[in-house]
Amino acid sequence: MSDPVPTSDARLAYLEADLADLKARGLYTTIRSLQSPQGAWLQIDGRRVLNFCSNNYLGFANDSALKDAAKAAIDRWGVGPGAVRTIAGTMDVHGELERRLAAFKGVDDTVSFQSGFATNLATIPALVGEADCIISDALNHASIIDGIRLTKAARYVYRHCDMDDLETQLKAASGKGYRAMLVITDGVFSMDGDVAPLDAICTLAERYGAITMVDDAHGEGVLGRGGRGAVDHFGLHGRFDIETGTLSKAFGVMGGYTAAKQPIVDWLRQRGRPFLFSSALTPADVSACIAAVDILERSTERVERLWANAAAFQGAMRSLGFDLGVTRTPISPVIVGDEQKTQALSRALFERGVFATAIAFPTVPLGKARIRVMISAAHSPEDLEVGIGAFEEAGRALGIVG
Ligand SMILES: *Cc1c(COP(=O)(O)O)cnc(C)c1O
């Protein structure tokens, strides 16, 4: 997207002032235009650049098996779902994906939505209302926060991954006589790559009689046996109540889903507003996702390659002196701090053929700007060497590492 074009419309002057302010503070995001599919390398503005930005953890976004499945689905089912499923009916292929995901995740059932974002907007307000409360990690994803905003439930926020504070909030809430208490956390926190202690959360929630929900957008396809997610990673099958996930990250396609016990999924098909008032995923998306599940069930090879790549990259970057924070996953935040300097690093990397976007406020707190490197199974060891070399040069030139 290009720079904003000034208008002479006085009614919009406040937006122009706000845009100018973003630029002055180094917070204005320029969106790069790609001339290639997602993969280890991208074509941007006529240049071939190494891709360190996408959530395409397993390289599925341009995988031939997924593309073939999508093409065959278009021939078999057409391009659109027609309307919302409760009115137009649901194609067999949607039911098949939901059953396949349920088997993969080891849950009673799943229901798909149009995106991971929509999944949280569907799930949270359907489960709790005025009589209930939500207890939420302070760093939960924007889609969880927005899902919470759509409810009339009372809100309690606990300090990030702080189990003492979670217990304090649970104690405070349980005195109030709510009908239901819902504890919500990200599984993997997308900006730092740390993992929520789901085992401790589960134990505390059980003690106080709360329902548990994890948004596993960055855990699906990454954590657990063969990428079965954070609940599998912690061995909490049957104990953690609700998993929401995306089909746009490791699955490489588009969409989201909730995996849970049968009554919860049944209720979401009756009362999840993005299910009732927004059309379903396309048959091509759904079929490509089924092909991804096929591959994940057949082999753990991609997931293993992802973790090996992450270990190699993070080890090399740390020995160069970069601050990678507290990550425990392939998410590799290179924390610089200052917003302008982070943008300068991103530009210097791009000049060296590496696409790695600066992430700043409001996605992360002010003064915590970073370049979040996303490692993929699609990267080769040589690709990682190229990226590490560029970080070393650019980091030294800008005085970020010695
Ligand atoms: C990316 C992300 C989402 C949104 O998923 P989309 O499918 O891109 O809408 C939701 N929750 C978390 C934690 C995420 O990281």
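Residue positions are given per chain, counted from 1 along the sequence in the order it is written. Where totals are concerned, whole chains, interfaces and linings use all residues; where local detail is concerned, this predicted model gives features only for residues with pLDDT of at least 70, and gives and counts side-chain atom pairs only at 80 or more. In computing side-chain properties, one takes all heavy atoms of the structure into account and sets aside hydrogens as well as water.

Participant: Outline the sheet that holds strand S9 (residues 256-260), supporting the account with residue identities and numerical values.
Facilitator: Being paired, for any two strands, means DSSP has found at least two bridges between them. The helix and strand labels rest on DSSP assignments: H or I over at least four residues marks a helix, E over at least two residues marks a strand, and numbering proceeds from the N terminus. In space, the seven strands of this open sheet follow the order S3-S9-S8-S7-S6-S4-S5, with mixed pairing throughout. At either margin of the open sheet sits one strand with a lone partner, and together these are strand S3 (109-113) and strand S5 (154-158). Neighbour-to-neighbour, the strand axes of this sheet turn through a mean angle of 20°, independent of strand direction. By the bridge criterion, five bridges tie strand S8 (residues 242-246) to S9 in an arrangement that is antiparallel. Only the contacting stretch of a helix is used when fitting its axis, a line to C-alpha atoms as for every element, and angles between N-to-C directions run 0 to 180 degrees.

Participant: Pulling in residues and values, what's your account of the packing of helix H7 (residues 163-174) against helix H8 (residues 198-208)?
Facilitator: In the contact formed by H7 and H8, the axes pass within 10 Å of each other and the chain directions differ by 20°. On the basis of their axis angle, the class for H7 and H8 is roughly parallel. You can see that H7 and H8 cross each other, and the crossing is right-handed. Packed against H7, whose contacting residues are Met-163, Leu-166, Glu-167, Leu-170, Lys-171 and Ser-174, the element H8 presents Ala-200, Ile-201, Leu-204, Ala-205, Arg-207 and Tyr-208 at the interface. Under the scheme applied here, ten amino acids are nonpolar (Ala, Val, Leu, Ile, Met, Phe, Trp, Tyr, Cys and Pro), four are charged (Asp, Glu, Lys and Arg), and all others, including Gly, are polar. Its residues placed into classes, the contact of H7 with H8 shows eight nonpolar, one polar and three charged. Roughly parallel covers angles under 35 degrees, roughly antiparallel covers those over 145, roughly perpendicular covers 65 to 115, and oblique covers all other angles. Two helices that cross are described as forming a left-handed crossing if the nearer one is turned anticlockwise from the farther one by less than a right angle, and a right-handed crossing if clockwise. Here, residues are in contact when the closest pair of their heavy atoms is within 4.5 Å.

Participant: Summarise unusual backbone geometry; cite the residues concerned and give the values.
Facilitator: Residue Pro-362 follows Phe-361 across a cis peptide bond; omega there is 10°. Secondary-structure assignment places Pro-362 in the loop between strand S12 (358-359) and strand S13 (369-374). Despite not being glycine, Asp-45 shows a phi value in the positive range, around 50°. The exposure class of Asp-45 is exposed, given its relative accessible area of 51%. Buried means the residue's accessible area, taken with a 1.4 Å probe over protein chains only, is under 20% of the maximum for its type, while exposed means over 50%, and partly exposed covers the values in between.

Participant: An account of the nonpolar core is needed here, citing residue identities and associated values.
Facilitator: Soluble globular proteins tend to pack their nonpolar side chains together in the buried interior. Definition of nonpolar core: a set of buried residues of the types Ala, Val, Leu, Ile, Met, Phe, Trp, Tyr and Cys, connected through side-chain atoms within 4.5 Å. Counting residues in hydrophobic clusters, the biggest one holds 61 residues, and the most contacted among them are Ile-135, Leu-166, Val-183, Leu-198, Ile-201 and Phe-251. Among the elements that line this core, the one with the most residues is helix H12 (residues 283-298), at ten residues. When residues are assigned to domains, this core turns out to be shared by domain 1 (29-57 + 300-397) and domain 2 (63-298), each giving three or more. Excluding anything up to four places from it in sequence, Phe-251 contacts Phe-60, Leu-66, Leu-101, Phe-104, Glu-220, Thr-246, Tyr-257, Cys-289, Ala-292, Val-293 and Leu-296. Core analysis: the next-biggest nonpolar cluster, separate from the first, contains 23 residues, Leu-50, Ala-310, Ile-388 and Ala-390 among them. Note that the domain bounds reflect an automated or database-derived domain assignment.

Participant: I'd like to hear about the domain arrangement of the protein, residue by residue, with values.
Facilitator: Parsing the protein into structural domains produces domain 1 (29-57 + 300-397) and domain 2 (63-298). Each of domain 1 and domain 2 has a C-alpha centre, and the two are 27 Å apart. Here domain 1 and domain 2 share an interface that buries about 1,600 Å² over both sides, 63% of which is from carbon and sulfur atoms. Buried area is calculated as the accessible area (1.4 Å probe) missing from two parts once they are joined, with the contributions of both summed. When the buried surface of domain 1 facing domain 2 is broken down by residue, Tyr-57, Arg-302 and Val-303 rank first, second and third, together holding 28% of it. Here a salt bridge means any side-chain nitrogen of Lys or Arg lying within 4 Å of a carboxyl oxygen belonging to Asp or Glu. In this structure, the connection of domain 1 to domain 2 is made through two salt bridges. Across the salt bridge formed by Asp-192 and Arg-370, the nearest N and O atoms sit 2.8 Å from each other. Of all the elements in the fold, those that place two or more residues in the side of domain 1 that touches domain 2 are helix H13 (301-320), strand S10 (331-337) and S13. Counting residues per element, the side of domain 1 that touches domain 2 draws most heavily on H13, at four residues. Grouping the amino acids of the side of domain 1 that touches domain 2 by side-chain chemistry returns twelve nonpolar, six polar and four charged.

Participant: For the packing of H13 against helix H15 (residues 381-397), give the residues involved together with the corresponding values.
Facilitator: For any two helices packed against each other, one specifies the inter-axial angle together with the distance between the axes. Between H13 and H15, whose axes approach to 10 Å, the crossing angle comes to 20°. When the axes of H13 and H15 are compared, the pair comes out roughly parallel. Here the hand of the crossing between H13 and H15 comes out right-handed. On H15, the residues touching Asn-309, Phe-313, Ala-316, Met-317 and Leu-320 of H13 are Leu-384, Ile-388, Phe-391, Glu-392 and Arg-396. The class makeup of the residues in the contact of H13 with H15 is seven nonpolar, one polar and two charged.

Participant: Give a description of H13 that names residues and reports values.
Facilitator: The length a helix should cover is 1.5 Å for every residue beyond the first. Here H13 is 20 residues long and its end C-alpha atoms lie 29 Å apart, about the 28 Å a rise of 1.5 Å per residue gives. All of the buried residues along H13 are Arg-302, Val-303, Leu-306, Asn-309, Ala-310, Phe-313, Gln-314, Met-317 and Leu-320. Taken around the axis of H13, the buried residues stretch over an arc of 125°, which confines them to a single face. Among the exposed residues of H13, those oriented more than 90 degrees off its buried face are Glu-304, Ala-311 and Ser-319. Buried residues belonging to H13 abut H12, S10, S13 and H15. Just beyond H13, the residue with positive phi is Gly-321, at close to 105°. In this description, the arc belongs to the directions extending from the helix axis to the C-beta atoms.

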